[in-house]
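Overview (structure and organization)
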Amino acid sequence: MQEHIPKPIRELANINIEMPDKEELVDVSTFSFDMTVPQEERAAYILETLKTPNAFRVGNMGVKLEFANDAPALQDIFTDFLKRKKSGL
């Protein structure tokens, strides 16, 4: 089922945040975004800083992000949210 997914993406998806040593995950509670990084380099900056963008810590809590293959695009969801917010819903 995951054969069509590139190996680095599969590896990120299989990170176990329940590992005993959460210290291996980057703690984002102290993360500050460097606005001096040019916009076209920001994604690479975040990947380099977080190491595993779909698994990180917030203090002592491990967080793992998962996305369904058949889910709507994040951009569409965010756009709908902003439209609802603007209309007062």
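Computed from a prediction, not measured in an experiment: that's the story for all the values here.

Conventions we followed
- Residues numbered from 1 in each chain as written.
- Predicted model: local features only at pLDDT ≥ 70, side-chain atom pairs only at ≥ 80, totals over all residues.
- Heavy atoms only, no water.
- Patch = residues over 30% accessible without salt bridge, like charges linked within 9 Å, V, L, I, M, F, W, Y side chains within 5 Å.
- Areas by Shrake-Rupley, 256 points an atom, 1.4 Å probe, with all protein chains shown as cover.
- Salt bridge = Lys/Arg side-chain N within 4 Å of Asp/Glu carboxyl O.
- Helix = DSSP H or I, 4+ residues; strand = E, 2+ residues; numbered from the N terminus.
- Buried < 20%, exposed > 50% of the residue type's maximum accessible area, 1.4 Å probe, protein only.
- Phe/Tyr/Trp six-rings, centres within 6.5 Å; stacked < 30°, edge-to-face > 60°.
- Pairing = 2+ DSSP bridges.
- Contact = heavy atoms within 4.5 Å.

This next bit is on a nonpolar patch on the surface. There is a patch of nonpolar side chains on the surface, built from Phe78, Phe81 and Leu82 and spanning about 290 Å² of accessible area. Along the chain, leucine 82 falls in helix α3 (residues 74-87). Among the residues examined, leucine 82 registers a relative accessible area of 42% and is labelled partly exposed.

Turning to the packing of aromatic side chains, a few remarks are in order. This structure, assessed with the given rule, holds 2 aromatic pairs. Pairing phenylalanine 78 with phenylalanine 81 gives two aromatic rings, centres 6.3 Å apart and planes at 25°, and the pair type is stacked. Taken together, the residues phenylalanine 78 and phenylalanine 81, both in helix α3 and 3 residues apart, mark about one turn of the helix. Accessibility expressed as a relative area gives 48% for phenylalanine 78, which makes it partly exposed. Judged by its relative accessible area of 39%, phenylalanine 81 is partly exposed.

Here the focus is the pattern of salt bridges. Tallied over the entire structure, the rule returns 1 salt bridge. Residues aspartate 27 and arginine 57 are paired through a salt bridge, measuring 4.0 Å at the closest nitrogen-oxygen approach. Of this pair, aspartate 27 sits in the loop between α1 (7-13) and α2 (42-50) while arginine 57 sits in strand β1 (residues 55-58), placing them 30 residues apart in sequence. Here aspartate 27 and arginine 57 have matching classes, each one buried.

Attention now moves to the pairing of β1. Looking along a regular strand, one sees the side chains alternate between the two faces of the sheet. As defined by bridge partners, β1 adjoins strand β2 (residues 61-64) across 4 bridges and the pair is classed as antiparallel. By the bridge assignment, valine 58 is partnered in β2 with methionine 61. Hairpin connection between β1 and β2: a loop of 2 residues separates the two successive antiparallel strands, and glycine 59 in this loop has a positive phi of roughly 65°.

On the accessibility criterion, arginine 57 (9% relative accessible area) is buried. Look past the residues within four positions of arginine 57 in its chain and what remains in contact with it is Lys22, Glu23, Leu25, Val26, Asp27, Val28, Ser29 and Gly62.

It is worth stressing that arrangement in space is one thing and function is another; only the former is reported here.
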